[in-house]
Amino acid sequence: MGKLESLKIGNLEARVPIIQGGMGIGISLSGLASAVANAGGIGIISGVQIGFKEPDFVKNNLEANRRALRKEIRRARELAPEGVLGVNLLAAMTTYDELILTAIEEGIDLIITGAGLPLDLPKLVQGTRTKVAPVVSSGKAAAVISKAYDRRHGVAADLFIVEGPEAGGHLGFKKEQVLSGETPKLEDLVVEVLEAVKPYEEKYGRKIPVVAAGGIFTGEDIARFISLGAAGVQMGTRFVATEECDADLSFKEAYVASRKEDIRIVQSPVGMPGRAIANAFTERMDEGKIPVKRCYNCLVPCDPRTTPYCISDALMHSATGETGLLFAGSNAWRVEEIVPVAKLMDELTRDAENLL
């Protein structure tokens, strides 16, 4: 039986090489992130529209989000003083820089960013101990980011997360590709990214860990990706059905109740496909445009006049127990029960170690 090696990101070290995926809006906040961090993994707070429960959220969106982000980071730190904690923020957010700076002020350990190429992120974290982890879905994207970091900022990324086509939420692949099943395998993408970062590991004289994400469900999956050279995995779906997950109980129960045929591809207003659980909301989406009642001006490529629906409202509704958009990975139908985070982490670790 092998031993799972810890995940080292510069001077950060997580005993268990599992990053809990950032799930927004309101699915992974301080409750889930601190529980994962206490269990030895890396707990991630989703900073996307995090202030949705603040009283001035609609009128004063940026300030509400900044205030809530501070609260959640501080609460997670109180609950997991020894743990490794991160924030997930989308590069496509209109208030990206302001929220990154807020997270840095609160001393966050790690910033994970997808939905675009975060080419100036190193400038924002310069002079701080916060690490940066871009999310990519190809070796090409990892090479573009690495080249930009090297040329513009004289640094390399601290970590890369490679997200394959089986992930929940937004996918970095074309809808036609995903629907036809003509997407690359995550295994191949991991190898591609490992190759893409090699020249920068050599140049900067340090390891750039590569973490596999998207559809990873069991300890066996973890062992397989570590055997390929990944330094660890990121998992979202498994952590939804935990007692500490910050989502409404009905959101977790939808995962437990879902069947394989309920997991479907949806079109996001930002032009990317996403994966979700079929429900009354997706039926309405199929019937045509859902009118946008108000615009939060949250995502760069979104236009309220032409968008098929408001993704912020759709996600906020589901997080609070109303009918909305339930993002989910391709394996959500395999979730059978709601368990404590510590139990899930133990099971994943044990199963992976038995196979290594």
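(A) Highlighting helix H11 (residues 280–287). Among the residues of H11, Phe281, Thr282 and Met285 are the ones counted as buried. The buried residues of H11 occupy an angular sector of 95° when the element is viewed end-on, so they sit on one face. Exposed residues on H11 whose side chains face more than 90 degrees from its buried face are Glu283, Asp286 and Glu287. One side-chain oxygen of the residue at the start of H11 lies 3.1 Å from the amide nitrogen of phenylalanine 281, identifying that residue as asparagine 279. In the segment just after H11, glycine 288 is the residue with positive phi, at about 140°.

(B) Representation of the packing of helix H8 (residues 219–228) against helix H13 (residues 341–355) in the model. It is at 7 Å that the axes of H8 and H13 come closest, and there the two elements cross at 50°. Taken together, the axis directions place H8 and H13 in an arrangement best described as oblique. For the pair H8 and H13, the sense of crossing is right-handed. Residue-level contacts link Gly219, Glu220, Ile222 and Ala223 of H8 to Leu348, Asp351, Ala352 and Leu355 of H13. A per-class count over the contact of H8 with H13 returns five nonpolar, one polar and two charged.

(C) Focus on the pairing of strand E8 (residues 160–163). Burial along E8 is two-sided: the residues Phe160 and Val162 and Ile161 and Glu163 are all buried. Sheet analysis places strand E7 (residues 131–136) next to E8, joined by two bridges and oriented parallel. Counted as the bridge partner of valine 135 is isoleucine 161 from E8. Each parallel crossover has a hand, and the one from E7 via helix H5 (residues 139–153) to E8 is right-handed. By the bridge criterion, four bridges tie E8 to strand E10 (residues 210–213) in an arrangement that is parallel. Paired with glutamate 163 across the bridge in E10 is alanine 213.

(D) The pairing of E7, seen in detail. Of all six residues making up E7, six are buried, and the element is well covered by its neighbours. Burial along E7 is two-sided: the residues Lys131, Ala133 and Val135 and Val132, Pro134 and Val136 are all buried.

(E) Quick peek at the nonpolar core. Among the nonpolar cores identified, the biggest contains 111 residues, and Ile18, Leu121, Phe160, Ile222, Phe239 and Leu325 are the most heavily contacted of them. It is helix H7 (residues 186–204) that provides the largest number of residues to this core, a total of eight residues. Here isoleucine 18 is in contact with Gly41, Ile42, Ile222, Val233, Met235, Phe239, Met345 and Leu348, once residues within four sequence places are set aside. Judged by nonpolar contacts, the second largest core, of 16 residues, contains Leu110, Val135, Val211 and Ala213.

(F) Local environment of the side chain of threonine 282. Along the chain, threonine 282 turns up in helix H11. On the basis of relative accessibility, which here comes to 1%, the residue threonine 282 falls in the buried class. Not counting chain neighbours up to four residues away, the residues in contact with threonine 282 comprise Arg264, Val266, Ile277 and Leu325.

(G) Representation of the side chain of lysine 252. With respect to the element layout, lysine 252 can be found in helix H10 (residues 249–257). This buried residue, lysine 252, is left without a salt bridge; glutamate 244 holds the nearest opposite charge, at 7.1 Å. Of note is the side chain of lysine 252, whose polar atom sits 3.3 Å from the backbone oxygen of glutamate 243. When near neighbours in sequence (up to four residues on either side) are disregarded, lysine 252 contacts Val240, Thr242, Glu243, Cys245, Ala247 and Ile338.

(H) Helix H12 (residues 311–319), seen in detail. Judged by how many residues are buried, H12 sits mostly within the fold: eight of nine residues are covered. The inward-facing, buried residues of H12 contact strand E9 (169–170), H10 and H11. Looking one or two residues beyond H12, the residue adopting positive phi is glycine 321, at roughly 100°.

(I) View of the pattern of salt bridges. Overall, the coordinates contain 22 salt bridges when judged by the stated rule. A salt bridge links arginine 259 to aspartate 262, with the nearest nitrogen and oxygen atoms 3.0 Å apart. By relative accessible area, arginine 259 is classed as partly exposed at 47%. A residue is classified by how much of its surface remains accessible, and aspartate 262, at 12% relative accessible area, is buried.

(J) Spotlight on the packing of aromatic side chains. The final tally for this structure, using the stated rule, is three aromatic pairs. In this arrangement the basic side chain of arginine 238 is found over the ring face of phenylalanine 217, its NZ or CZ atom lying 4.3 Å from the centre.

(K) Quick look at the sheet that holds E9. As summarised here, the arrangement of the three strands in space is E9-E13-E12, forming an open sheet in which the pairing is antiparallel. The two strands at the open ends of the sheet, each matched to only one other strand, are E9 and strand E12 (263–267). Sheet topology places E12 next to strand E13 (residues 273–277); five bridges connect them, and they run antiparallel. Within E13, the position partnered with glutamine 267 by the bridge is proline 273. Together, E12 and E13 form the strand contacts of H11, whose direction differs from that of E12 by roughly 45°.

Here is what the cut-offs are and how they apply
- Residues numbered from 1 in each chain as written.
- Predicted model: local features only at pLDDT ≥ 70, side-chain atom pairs only at ≥ 80, totals over all residues.
- Heavy atoms only, no water.
- Buried < 20%, exposed > 50% of the residue type's maximum accessible area, 1.4 Å probe, protein only.
- Helix = DSSP H or I, 4+ residues; strand = E, 2+ residues; numbered from the N terminus.
- Arc of directions from axis to C-beta.
- Polar contact = N/O pair within 3.5 Å; in protein donor to acceptor, adjacent residues only side chain to side chain.
- Axes fitted to C-alpha atoms, helices over the stretch in contact; angles between N-to-C directions.
- Parallel < 35°, antiparallel > 145°, perpendicular 65-115°, else oblique.
- Left-handed = near helix turned anticlockwise from the far one by under 90°.
- Contact = heavy atoms within 4.5 Å.
- Nonpolar A, V, L, I, M, F, W, Y, C, P; charged D, E, K, R; others polar.
- Pairing = 2+ DSSP bridges.
- Right-handed = clockwise from strand over helix to strand, strands pointing away.
- Core = buried A, V, L, I, M, F, W, Y, C linked by side-chain atoms within 4.5 Å.
- Lys, Arg positive; Asp, Glu negative; His and termini not counted.
- Salt bridge = Lys/Arg side-chain N within 4 Å of Asp/Glu carboxyl O.
- Phe/Tyr/Trp six-rings, centres within 6.5 Å; stacked < 30°, edge-to-face > 60°.
- Lys NZ or Arg CZ within 6 Å of the ring centre and 35° of its normal.

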